[in-house]
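Structural overview
What follows is the residue order along each chain.
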Amino acid sequence: YAYSTMHKGDLEEAVSIFSSILEENPEDVQALNAMGIISYVIDNNMDALHYFSKAIETHPNNTLGLHNRSYLYKHQKEYAKALDDISKVISIDAAQPDNYYFRAMIYVEQEKYEEAIKDFSKALDSVDFKEESLIYFYRALCYAQVGKIQKAKDDVQAAYNYTNDSEMETMLQDLWVKLHQ
């Protein structure tokens, strides 16, 4: 009930329910993460950090708390901390391609394109993302940044083959033109 209340947008009621849960069990990992998410949504990043950190402290292999805190750190441009947390998530659950994609996006924001390429490639190696045009697009941008133009062109072509989104097609066409200049 608490999660459905949160998803419906009744954050005050959700906070009340999750707070009651935490009064009975201060280490409830789901309630801590939910309170962190709600705090983040209402732009209370200090509380969000507190709840995510408490969830991690009480459950060190809690990938959800680590991922959430990594997202918060990324949002705050604390990239080293964001990378530490998402890398720990990957060390716990290396099979989840979303985590490689997320880490790659942190690398992109830091202009660490070679590292981003490696993580985009790991995500694309998965069944979940094998045909994900957006990841091919981002990897193409990274290849272009490091001067690997043919690989960038190959990724633009792959992305174009996998998309039926007109906005993505336009972005790919624009990138294709730039790669041929």
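Summary of the structure given here.

Cut-off values and rules
- Residues numbered from 1 in each chain as written.
- Predicted model: local features only at pLDDT ≥ 70, side-chain atom pairs only at ≥ 80, totals over all residues.
- Heavy atoms only, no water.
- Helix = DSSP H or I, 4+ residues; strand = E, 2+ residues; numbered from the N terminus.
- Buried < 20%, exposed > 50% of the residue type's maximum accessible area, 1.4 Å probe, protein only.
- Contact = heavy atoms within 4.5 Å.
- Areas by Shrake-Rupley, 256 points an atom, 1.4 Å probe, with all protein chains shown as cover.
- Lys, Arg positive; Asp, Glu negative; His and termini not counted.
- Charge placed at Lys NZ, Arg CZ, Asp CG, Glu CD.
- Patch = residues over 30% accessible without salt bridge, like charges linked within 9 Å, V, L, I, M, F, W, Y side chains within 5 Å.
- Salt bridge = Lys/Arg side-chain N within 4 Å of Asp/Glu carboxyl O.

Moving on to the overall build of the protein. Along the backbone of the protein there are 11 helices and zero strands. For the protein, the α and β elements follow one another from N to C terminus as α-α-α-α-α-α-α-α-α-α-α. Buried positions account for 42% of the 181 residues belonging to the protein. Here the contacts in the protein between residues at least 6 apart in sequence split such that 40% fall between residues at least 24 apart. Carbon together with sulfur atoms contributes 48% to the accessible area of the protein, which is approximately 10,200 Å² in total. Side-chain charges in the protein split into 17 positive and 30 negative, and the spacing between the mean points of these groups amounts to 10 Å.

As a further point, take unusual backbone geometry. Unusually for a residue other than glycine, Asp-43 sits at a positive phi of about 65°. Positionally, Asp-43 belongs in the loop between helix H3 (29-41) and helix H4 (45-58). By relative accessible area, which is 59% here, Asp-43 ends up exposed. Positioned with a positive phi, Glu-111 is a non-glycine residue whose angle comes to about 60°. Mapped onto the elements, Glu-111 comes out in the loop between helix H7 (97-109) and helix H8 (113-124).

A few words on a nonpolar patch on the surface. Taken together, Ile-37, Val-41 and Ile-42 make up a surface patch of nonpolar side chains, about 260 Å² in accessible area. When you line up the elements, Val-41 lands in helix H3. Since its relative accessible area comes to 56%, Val-41 is described here as exposed.

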